[in-house]
Amino acid sequence: MGLPVPPFSTDLFGPDAIIMKGLDGLNWRLKDYEARGGYAALRKVLSEKTPPDQIVAEVKKSALRGRGGAGFPTGLKWSFMPRQYTGAKYVVCNSDEGEPGTFKDRDLLRYNPHSVIEGIIIGGYAMGAHVGYNYVHGEIWEVFERCEEAVEEARAAGYLGRNILGSGFDFELHNHHGFGAYICGEETGLLESLEGKKGMPRFKPPFPASYGLYGRPTTINNTETFAAVPWIILNGAEAFLNLGRPNNGGTKIFSVSGDVERPGNFEVRLGTPFSKLLEMAGGMRGGRRLKACIPGGSSMPVLPADIMMNTDMDYDSIAKAGSMLGSGAVIIMDETRCMVRSLLRLSYFYYEESCGQCTPCREGTGWLYRMVDRIEHGAGRLEDLDLLTNVSDNIAGRTICALGDAAALPVKSFIKHFRDEFVHHIEHKQCLVPDYL
Amino acid sequence: MNAPMMLSPEALAKIDGVLAKYPPDQRASAVMAALTIAQDEKGWLSPETMDFIASYLGLRPIAVYEVASFYTMYDIKPVGRHKLSICTNLPCALQGANAAAEHLKKKLGVGFNQTTADDRFTLKEAECFGACGDAPVLLVNNKRMCCAMTPERLDALLEELK
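A few points on the structure.

Analysis parameters
- Residues numbered from 1 in each chain as written.
- Chains lettered and ligands numbered in written order.
- Predicted model: local features only at pLDDT ≥ 70, side-chain atom pairs only at ≥ 80, totals over all residues.
- Heavy atoms only, no water.
- Helix = DSSP H or I, 4+ residues; strand = E, 2+ residues; numbered from the N terminus.
- Rg over C-alpha atoms; globule rule 2.2 N^0.38 Å.
- Buried < 20%, exposed > 50% of the residue type's maximum accessible area, 1.4 Å probe, protein only.
- Contact = heavy atoms within 4.5 Å.
- Areas by Shrake-Rupley, 256 points an atom, 1.4 Å probe, with all protein chains shown as cover.
- Lys, Arg positive; Asp, Glu negative; His and termini not counted.
- Charge placed at Lys NZ, Arg CZ, Asp CG, Glu CD.
- Core = buried A, V, L, I, M, F, W, Y, C linked by side-chain atoms within 4.5 Å.
- Pairing = 2+ DSSP bridges.

**Re the overall build of chain A**
Each helix and strand counted, chain A has 17 helices and 11 strands in total. Compactness check: chain A gives a C-alpha radius of gyration of 22 Å against a globular reference of 22 Å for 437 residues, within 12% of the reference. Counting only C-alpha atoms and orienting by the principal axes, one finds that chain A spans roughly 75 × 45 × 40 Å. Each of the 437 residues in chain A was classed as buried or not, and the buried ones make up 63%. Of the contacts made within chain A by residues no fewer than 6 positions apart, 70% connect residues no fewer than 24 positions apart. Only carbon and sulfur atoms are counted for the fraction: they give 52% of the accessible area of chain A, which is about 15700 Å². Averaging the coordinates of the 47 positive side-chain charges in chain A and doing the same for the 53 negative ones gives two points 3 Å apart.

This is the structure:
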């Protein structure tokens, strides 16, 4: 039970890993990272004085897409930063990982923090920013402390600070911790939090590239996105793209949790069949049968086993199957699990985490939770199923940020794929699989 | 009029260190770290402590109360010496979190959001820590993460936290 404790085998994260390659859990320090070829990309960029536009173009060509959930093309995002702007600009790393099922940034930051730091510095250079912040989820305090240590190491070695490696380029990086608010994973909620306020997302436009941290142009990328950048710089966009599929470049770290023998993080090429990933996680626990899978974190639609077993793990394939790759959190549920009870727990989460700013989300998430709760407890009505869909439709797309959609999508998909189970609960006032959880 | 110094010189030095991370005119950015440092020292955030943080950072008290009440890991009411927060979200539940939570409730004789009569433990139900592979996971006083908490390991932890 639990993830492997260091030192572990250096191929723990999979044979195709590039970001998590060669890690044994103890070799996270600067000297280890340099021994693995770390900071060579930064050295290359600074010594060759690579034009920033060329870096942005290279990242675009690599088809690197945001690893935090939205999957937005990273190079395109970087190109939104105003080049002619002469004031302060910021790069921000979103390590506020709190989407149920996702735990990749935790492993990335504790086992390979310098890959993230190097990626942020290169991002800063490419976008003309001189200060960066890494916002770390408050619950992983020991990881935050490791990030502080790693930044100190990088500063002492001259990778951070003034005139980095004699290049004339200045860059500072600071870690900032959250303290228990899922909503701060939303990029503008994160900026509000960085400014010392409640993490209530901002209305967009203006987007962060024009009005971000302290009102300055800002780009926010996920931890894993930054960690992929040094590899792209060193090996070329083409090589990265070829690891995955067209429009789905590179490898992706998937966090596999739930009813598998070996929960954990696995870095695989985008386009890897789901069945292969399941195999890497040791297969179904106790040899049970797969019933359902949420392939991209709790905010994404659930998919039944037969669809999942025929799906490849990349953005476009999962979208075609009716869900989203999201953050790469793969939650596995076996045949003994009750779908009503599972949805109930997720609905409670969104109700608990809604920041309360927008009425449809603040009121709607509670409404959804109460309806699923009464179905679970034998007081549901058949018309509740349509009402759940109706309320979901009236939340999604009607709020400032995507938390409303995140609350609505699971509800709609659970009812769509497992309607019989909900009907059984309502008609028989009991569960099909009573020994659940 | 200076407010009386409610925190130790060590805590204030830490807050000053955090302030250096942000532009000089953005002292509010340090509020989360300052509240965390204060909570570590005081055990919880009383209105007086929050008022002190506000005056130290040059913020209105309401701005500090807002932050302290928005983020769930701040305790604006007293808690026991050891606050145990256990995640019961879906991935953790699939890996035994509900059984772990029930075990804790039984051993401690309290429910969620309650404190034991001897003030030793407060039990909290928490949302995703981002550590689902290590489920069941719990936090001791926000900062120490305990992984793969089987009933045996929970018993050992309770014994340790006398």
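**Structural notes on the nonpolar core**
One finds Ile121 of chain A together with Leu35, Ile53 and Tyr71 of chain B to be the most contacted residues of the largest nonpolar core, which totals 122 residues. Residue contributions to this core peak at 8 residues, all from helix 6 (residues 113–127) of chain A. If sequence neighbours within four positions are ignored, Ile121 of chain A has contacts with Tyr39, Leu42, Tyr159, Leu160, Ile164, Phe169 and Phe171 of chain A. If you look at the next biggest cluster of nonpolar residues, it comprises 31 residues, including Met300, Val302, Ile415 and Cys431 of chain A.

**Digging into the pairing of strand 1 (residues 90–95) of chain A**
Residues and elements named next belong to chain A. Here strand 1 lies mainly inside the structure; 6 of its 6 residues are buried. Of the two faces of strand 1, both are covered, the one formed by Tyr90, Val92 and Asn94 as well as the one formed by Val91, Cys93 and Ser95. Of the strand pairs in this sheet, strand 1 and strand 2 (residues 131–136) are connected by 6 bridges, and their pairing is parallel. For Asn94, the partnering residue across the bridge sits in strand 2 and is Tyr135. With 5 bridges connecting them, strand 1 and strand 4 (residues 218–222) associate as parallel partners. Its bridge partner lying in strand 4, Asn94 is registered against Asn222.

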